[in-house]
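The residues making up each chain are set out below.
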Amino acid sequence: MKEKEIDQKAAIMIVIEHLGDVPPGTKCSAVLFDHERIRREQEFHAQLYSETGVRDPEVRRAMVAANVAHDPYWLVSLKSSRGTSGEVTRLHRVDARTGKVLPEPA
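Every chain is numbered on its own, with residues counted from 1 as its sequence reads. Thresholds applied to this predicted model are a pLDDT of at least 70 for local features of residues and 80 or more for the giving and counting of side-chain atom pairs; totals over whole chains, interfaces and linings are not thresholded and use all residues. Neither water nor hydrogens contribute to the side-chain values; these are computed over all heavy atoms in the structure.

## Topic: the confidence of the model for the protein
Move 1: Of the residues in the protein, 90% have a pLDDT of 70 or more, and the chain-wide mean is 89.
Move 2: Per-element confidence in the protein is highest for helix α2 (residues 35–51), whose mean pLDDT is 96, and lowest for strand β3 (residues 87–95), whose mean pLDDT is 90. One confidence number per residue, pLDDT, is output by the predictor and ranges from 0 to 100. Secondary structure elements follow DSSP: runs of H or I no shorter than four residues count as helices, runs of E no shorter than two count as strands, and numbering proceeds from the N terminus.

See below:
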């Protein structure tokens, strides 16, 4: 895939192809996490870690870096109905430029 950003539909299709076992009737959606949204997510995590007792700024930065992506990505949600157990939601991240499914944060 070229180095241009993919769109919402492409991100969803990449996840479906990656999983290969998406049942019919699954509800799919995707939200782009651009640089501004990522910055807000980093601030949120830094505040959360601070409130839970992480005082060292370097440790906090390392924790944020380990859990928040640096580059734009699509967060793809797949919701499927599993009978009596209700809906099951699976979240996957897709790099907005490369179109590759990203591994889960550490």
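## Let's talk about the packing of aromatic side chains
Move 1: Between 30 and 60 degrees the pair is tilted, below 30 it is stacked and above 60 it is edge-to-face, where a pair is any two Phe, Tyr or Trp rings, Trp via its six-membered ring, whose centres lie within 6.5 Å. What the rule picks out here adds up to one aromatic pair.
Move 2: Ring geometry for F33 and Y73: centres 4.9 Å apart, planes at 10°, overall stacked. Separated by 40 residues along the polypeptide, F33 in strand β1 (residues 27–33) and Y73 in strand β2 (residues 73–81) bring together distant segments of the chain.
Move 3: Exposure classes here rest on a 1.4 Å probe applied to the protein chains alone. A residue is buried below 20% of its type maximum, exposed above 50%, and partly exposed in between. Given a relative accessible area of 3%, Y73 falls into the buried group.
Move 4: We note R93 situated over the ring of Y73; from NZ or CZ to the ring centre the distance is 5.3 Å. We call a charge positioned over a ring when the NZ of a Lys or the CZ of an Arg lies within 6 Å of the ring centre and within 35 degrees of the ring normal.

## What about the environment of P24?
Move 1: Within the fold, P24 resides in the loop between α1 (8–19) and β1.
Move 2: Expressed as a C-alpha distance, the spacing of P24 and S80, which sit 56 residues apart in the sequence, is 8.5 Å.

## Overview of α1
Move 1: To estimate the expected span of a helix, subtract one from its residue number and multiply by 1.5 Å. Taking 1.5 Å as the rise per residue, α1 with twelve residues should run 16 Å; its terminal C-alpha atoms sit 17 Å apart, in good agreement.
Move 2: Three or more residues of α1 are buried, namely A11, I12, I14 and V15. All buried residues of α1 lie within an arc of 155° about the axis, which places them on one face of the element. Along α1, exposed side chains directed more than 90 degrees from the buried face belong to K9 and E17.
Move 3: Whether two residues are in contact is decided by their heavy atoms, any of which lying within 4.5 Å being enough. Packing partners of the buried residues in α1 comprise β1, β2, β3 and β4 (101–102).
Move 4: In the segment just after α1, G20 is the residue with positive phi, at about 75°. Each direction from the helix axis to a C-beta atom contributes to the arc, which is the arc of those directions.

## Some details on the nonpolar core
Move 1: The biggest cluster of nonpolar side chains holds eleven residues, and these are I6, A11, I12, I14, V15, A30, W74, V76, L78, V94 and A96.
Move 2: For this core, the secondary structure elements donating two or more residues are α1 and β2.
Move 3: Here this core takes four residues from α1, the largest share from any one element.
Move 4: Residues belong to a common nonpolar core when they are buried Ala, Val, Leu, Ile, Met, Phe, Trp, Tyr or Cys residues joined through side-chain atoms within 4.5 Å. Judged by nonpolar contacts, the second largest core, of eight residues, contains I38, V54, V68 and A69.

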